[in-house]
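Observations on chain architecture
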Amino acid sequence: MDRSSLLQLIQEQLDPDNTGFIGAETFTGLVHSHELPLDPAKLDMLVALAQSNERGQVCYQELVDLISSKRSSSFKKAIANGQRALPQDGLLDEPGLGVYKRFVRYVAYEILPREVDRHWYFYRHRSCPPPVFMASVTLAQIIVFLCYGARLNKWVLQTYHPEYMKSPLIYHPGHRARAWRFLTYMFMHVGLEQLGFNALLQLMIGVPLEMVHGLLRISLLYLAGVLAGSLTVSITDMRAPVVGGSGGVYALCSAHLANVVMNWAGMRCPYKLLRMVLALVCMSSEVGRAVWLRFSPPLPASGPQPSFMAHLAGAVVGVSMGLTILRSYEERLRDQCGWWVVLLAYGTFLLFAIFWNIFAYDLLGTHVPPPP
């Protein structure tokens, strides 16, 4: 039975007068009789809708949204009311799972704070399409690093090599007119230590986030952090270049950590306090290393070293835009006022940064080191 036939059957049997509402008692009986060919997660959630309505009715449009795999605000309220009928056994008790399904279960408990969301994700997840964005970005960064490392015969502190800074990918204030550099700098890294740190976080945090929230949302968050990083440097550290994907990485990590903190009681990931402390220590250490390289370069350099402000800008994007995305699992972002507020703030920042790059350098008389 296809989706349209299923919806027509529900309307004919439960709402013959086209009132737009279905009696909760009648609908719950139909769900428990297993006459609806739905997966277990959707059955649980439809029962939740039936039990969360004070008038004993279910809005027909809510059924349409759920059967069409669209999470609605009404279901979010049903979760908050705690009046849903979920199985007593969690996913951790699910027997006979293969290796991949165990990994999917692991991702569900790592990323999602509510059991009902974990069930929804576990039963709806499909291996195709795979999380290609974060894997592709990481692979491209590794390939670029290996190419420049072999060419320059230098694997640590590559930015001190004069030929390295001539790359067409690096953001340099003297090349502000080449707009692609505001994004492509994410493929270049200071050295093996920065690449290893970023690649590890992109695979450990970025891939699970992409599996749960999808390519579009996570790529938007990552690229928003990268773009905000280079633009922030062009405003706050006007003489410095930028390399590395730290803006995007810190956007992902900050969003995830903030989501964990705000849903601390519901997160079921093991050793979450210890892992939170380790993550904050590692991220802070990376920022400290970037500050040290910026202001106290260990080797003679022909110009200013890459700025650390991209890390901080990425973290701000993560706590604002990223947290909004992660708290809206399977819900329409366009229906949320907070999303439009975040987009307006980010758009305002972009416009300000564009005008700053066009006019401020000349008006302030900033001396920009000549590009290599």
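An unreviewed UniProt entry annotates the chain as Rhomboid-related protein 1 of Erinaceus europaeus. The heading Catalytic activity (unreviewed entry) in the UniProt record of the chain holds the text "Cleaves type-1 transmembrane domains using a catalytic dyad composed of serine and histidine that are contributed by different transmembrane domains." Regarding the chain, the relevant UniProt record gives this comment under Function (unreviewed entry): "May be involved in regulated intramembrane proteolysis and the subsequent release of functional polypeptides from their membrane anchors."

Regarding the overall build of the chain
Looking only at helices and strands, one finds 15 helices and 2 strands in the chain. For the chain, the residues scored as buried account for 51% of the 372 residues in total. When contacts within the chain are restricted to residue pairs at least 6 apart in sequence, those whose partners lie at least 24 apart make up 74%.

Quick notes on the packing of helix α10 (residues 192-213) against helix α12 (residues 246-262)
At a closest axis distance of 10 Å, the pairing of α10 and α12 adopts a crossing angle of 45°. Between α10 and α12, the angle is such that the two are oblique. When the axes of α10 and α12 are compared, the crossing they make is left-handed. Each of Q194, F197, N198, L201, Q202, I205, G206 and L209 in α10 lies in contact with α12, whose residues at this interface are S246, V249, Y250, L252, C253 and H256. Tallied by class, the residues present in the contact of α10 with α12 amount to 8 nonpolar, 6 polar and no charged.

Observations concerning helix α7 (residues 115-124)
Owing to its 3.6 residues per turn, the α-helix brings residues three or four apart onto one side. Taken across its 10 residues, α7 has 8 buried, putting it largely inside the fold. Where α7 is concerned, the buried positions are E115, V116, D117, R118, H119, W120, Y121 and F122.

Some details on the nonpolar core
Grouped together as the largest cluster of nonpolar side chains are 65 residues, with contacts concentrated most on Y121, Y222, V317 and M321. Ranked by residues supplied to this core, first place goes to helix α11 (residues 215-236) with 9 residues. Apart from residues no more than four positions distant in its own chain, V317 is found in contact with L221, A224, G225, A228, A251, G322 and Y346. Counting 12 residues, the second largest nonpolar core, distinct from the first, contains I170, M188, V190 and L293.

Overview of the UniProt feature "active site" (unreviewed entry) in the chain
The sites that carry the UniProt feature "active site" (unreviewed entry) are, in the present numbering, S246 and H311. Spanning 66 residues, the annotated positions come together in the fold, the maximum distance between their C-alpha atoms being 5.5 Å. Relative to the helices and strands, S246 resides in helix α12. Overall, the relative accessible area of 2% leaves S246 in the buried class. Not counting residues up to four positions away in its chain, the partners in contact with S246 are Q194, N198, E286 and H311. Within the secondary structure, H311 is located in helix α14 (residues 309-326). Judged by its relative accessible area of 4%, H311 falls in the buried class. Beyond its immediate stretch of four places on either side in the chain, H311 contacts S246, Y250, E286, V287 and A290. Reaching out from H311, the side chain makes a polar contact with the side chain of S246 at a distance of 3.3 Å.

Comments concerning the packing of aromatic side chains
Evaluated as defined, the whole model comprises 9 aromatic pairs. Taken together, a centroid distance of 6.2 Å and an interplanar angle of 25° make the contact between F103 and Y106 stacked. Pair noted here: F103 and Y106 are both in helix α6 (residues 99-111), with a separation of 3 residues, about one helical turn. Classification of Y106 by relative accessible area gives partly exposed; the value is 43%. Consider the rings of Y171 and F182, whose centres lie 4.9 Å apart with planes at 45°: the pair is tilted. With Y171 in the loop between α8 (132-152) and α9 (181-184) and F182 in helix α9, this pair connects stretches of sequence that are 11 residues apart. One exposure class covers both Y171 and F182, and it is buried.

With respect to the side chain of E210
In this fold, E210 is placed in helix α10. In this structure, E210 is buried with no salt-bridge partner, the nearest side chain bearing the opposite charge being R217 at 12 Å. In terms of polar contacts, E210 uses its side chain to reach the backbone amide nitrogen of V132, at 3.2 Å. Residues contacting E210, with those up to four places away along its chain left out, are P130, P131, V132, F133, M134, L215 and I218.

A short note on the pattern of salt bridges
Taken as a whole and assessed by the stated rule, the structure comprises 7 salt bridges. Of the charged contacts in the structure, one is a salt bridge between R294 and D237, with a shortest N-O distance of 2.9 Å. One end of the pair, R294, is in helix α13 (residues 272-295); the other, D237, is in the loop between α11 and α12, and 57 residues separate them in sequence. Judged by relative accessible area, which is 11%, D237 ranks as buried. Through salt bridges with shared partners, a single network forms among E193, E286 and R289.

Parameters at a glance
- Residues numbered from 1 in each chain as written.
- Predicted model: local features only at pLDDT ≥ 70, side-chain atom pairs only at ≥ 80, totals over all residues.
- Heavy atoms only, no water.
- UniProt positions renumbered as here; feature names shortened; annotations may be inferred.
- Helix = DSSP H or I, 4+ residues; strand = E, 2+ residues; numbered from the N terminus.
- Buried < 20%, exposed > 50% of the residue type's maximum accessible area, 1.4 Å probe, protein only.
- Contact = heavy atoms within 4.5 Å.
- Axes fitted to C-alpha atoms, helices over the stretch in contact; angles between N-to-C directions.
- Parallel < 35°, antiparallel > 145°, perpendicular 65-115°, else oblique.
- Left-handed = near helix turned anticlockwise from the far one by under 90°.
- Nonpolar A, V, L, I, M, F, W, Y, C, P; charged D, E, K, R; others polar.
- Core = buried A, V, L, I, M, F, W, Y, C linked by side-chain atoms within 4.5 Å.
- Polar contact = N/O pair within 3.5 Å; in protein donor to acceptor, adjacent residues only side chain to side chain.
- Phe/Tyr/Trp six-rings, centres within 6.5 Å; stacked < 30°, edge-to-face > 60°.
- Lys, Arg positive; Asp, Glu negative; His and termini not counted.
- Salt bridge = Lys/Arg side-chain N within 4 Å of Asp/Glu carboxyl O.

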